[in-house]
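# Structure at a glance
In case you want the letters, here they are:
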Amino acid sequence: MSDTTGEDGVPQAFRAESSRLCEVLGELTEAQFALATPCPPWNVAELAVHITSAVARVPAGLAAPAPPRADIAAADYYRSAIFDDAANAERVRMAQRDAAAYPNAAAITAAFDDTWRRTDTAISGQPADRLITTRWGDGMLLSEFMITRVVELVLHGLDMAIALGESAWTTHEAAAVVGDFLQIEPAATHLGWDRRTALAKASGRAALSTGESAELARLNITWRRFG
């Protein structure tokens, strides 16, 4: 089940997953944009705007001066400090405020489409050692920060699919990147899960059965967690 997700694989995964999400958003009705998501209190529109904001941090970061060094890697990005009550409240408020500024679902979709394409252009041709400063003030390699953007696209894409009552649309390329990030192996192979199922289980988007939980405990298998 393993794939190569090297330096070239991450931009490809970003491009594939962004394009697929844009297709999904473009097919939704206004009523579907109003559906509640597993990320309360956000609805689909607000979650889409949150994803857009997450992607927009890349060109914004590249437009600013590069930090002097890389402080963290992708594995260290999702730490408890960025999920405290104040950070969560601000995250929720920003998405709700920004979503309310769009006149309709088509405008939200267009904004995401424009944002991911500008981001794809901004990262094209960047040197391997390009550094970027995150929202939280950390210096990171752009290549590492892009892993976290693919994580945002994939996991919130799963949230959106749950809200819509649809099957996950995660692309093969992005699933490989996030599977490596979440360390879904060897559990996926041992339990016979396909990669989309493993991503949903490892990220808490799908429940583990009693038997699965017992087997993971027996094998002492754990996954990377957030916060």
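This brings us to helix α8 (residues 172-182). For an α-helix, 3.6 residues make a turn, and residues three or four places apart therefore share a direction. Of all eleven residues in α8, eight are buried; the element is thus mostly enclosed. Of all the positions in α8, only A174, A175, A176, V177, V178, G179, F181 and L182 are classed as buried. Contact partners of the buried residues in α8: α1 (9-26), α4 (74-77), α7 (142-164) and α10 (195-202). One or two steps after α8, the chain reaches Q183, where phi turns positive at roughly 60°.

It is possible for side chains of opposite charge to pair when their charged atoms get near one another. Inspection of every chain in the model, using the stated rule, returns eleven salt bridges. Of the charged contacts, one joins R97 and D98 as a salt bridge, the two residues approaching to 2.9 Å between their closest N and O atoms. Look at R97 and you get partly exposed, because its relative accessible area is 44%. Among the salt bridges present, the one from D159 reaches R205, with a minimum N-O distance of 2.9 Å. Of this pair, D159 sits in helix α7 while R205 sits in the loop between α10 and α11 (210-219), and the two are 46 residues apart along the sequence.

Here helix α6 (residues 105-123) spans 27 Å end to end across 19 residues, near enough to the 27 Å set by a 1.5 Å rise per residue. Capping the start of α6, N104 holds a side-chain oxygen 3.3 Å from the backbone nitrogen of A106, two or three residues further along.

Taken as a whole and judged by the stated rule, the model has six aromatic pairs. Where F14 meets W116, the ring centres are 6.5 Å apart and the plane angle is 70°; that geometry is what we call edge-to-face. Placement of F14 in helix α1 and of W116 in helix α6 is noted, with a sequence separation of 102 residues between them. Like W116, F14 is buried. Geometrically, the ring pair formed by Y77 and F145 is edge-to-face, given 6.1 Å between the ring centres and 70° between the ring planes. You can see Y77 sitting in helix α4 and its partner F145 sitting in helix α7, a full 68 residues away along the chain. The two residues Y77 and F145 agree in class, both being buried. By the ring-pair criterion, three or more aromatic residues cluster together here, those being Y77, Y78, F83, F145 and F181.

Locating T119 in the fold gives a position in helix α6. For T119, a relative accessible area of 0% corresponds to the buried category. A distance of 2.9 Å separates a polar atom in the side chain of T119 from the backbone oxygen of T115.

Another point: the nonpolar core. Core analysis: the biggest nonpolar cluster contains 65 residues, and F112, V150 and M160 have the highest contact counts within it. Not counting residues up to four positions away in its chain, the partners in contact with V150 are V10, A13, F14, A174, V177 and V178.

Another point: the environment of M140. With respect to the secondary-structure elements, M140 resides in strand β2 (residues 139-141). Taking relative accessible area as the criterion, M140 reaches 0% and is therefore assigned buried. Between the C-alpha atoms of M140 and E166, which are 26 residues apart in sequence, the distance is 35 Å. Sequence-distant contacts of M140, that is, excluding residues within four places in its chain, are made with A70, I72, A73, A74, Y77, R130, L131, I132, T134, F145 and T148.

Attention now goes to the environment of G179. Looking at the secondary structure, you find G179 in helix α8. Residue classification places G179 among the buried positions, given a relative accessible area of 6%. For the pair formed by G179 and M94, sequence separation is 85 residues and the distance between their alpha carbons is 29 Å. Beyond its immediate stretch of four places on either side in the chain, G179 contacts I184 and L199.

Once that is clear, we can look at unusual backbone geometry. For the peptide bond that leads from P40 to P41, omega is 10°, which places it in the cis range. With respect to the helices and strands, P41 occurs in the loop between α2 (30-33) and α3 (44-63). In the segment running from E185 into P186, the intervening peptide bond is cis, with an omega of 5°. Locating P186 in the fold gives a position in the loop between α8 and α9 (187-191).

Conventions used here
- Residues numbered from 1 in each chain as written.
- Predicted model: local features only at pLDDT ≥ 70, side-chain atom pairs only at ≥ 80, totals over all residues.
- Heavy atoms only, no water.
- Buried < 20%, exposed > 50% of the residue type's maximum accessible area, 1.4 Å probe, protein only.
- Helix = DSSP H or I, 4+ residues; strand = E, 2+ residues; numbered from the N terminus.
- Contact = heavy atoms within 4.5 Å.
- Salt bridge = Lys/Arg side-chain N within 4 Å of Asp/Glu carboxyl O.
- Expected span 1.5 Å × (residues − 1).
- Polar contact = N/O pair within 3.5 Å; in protein donor to acceptor, adjacent residues only side chain to side chain.
- Phe/Tyr/Trp six-rings, centres within 6.5 Å; stacked < 30°, edge-to-face > 60°.
- Core = buried A, V, L, I, M, F, W, Y, C linked by side-chain atoms within 4.5 Å.

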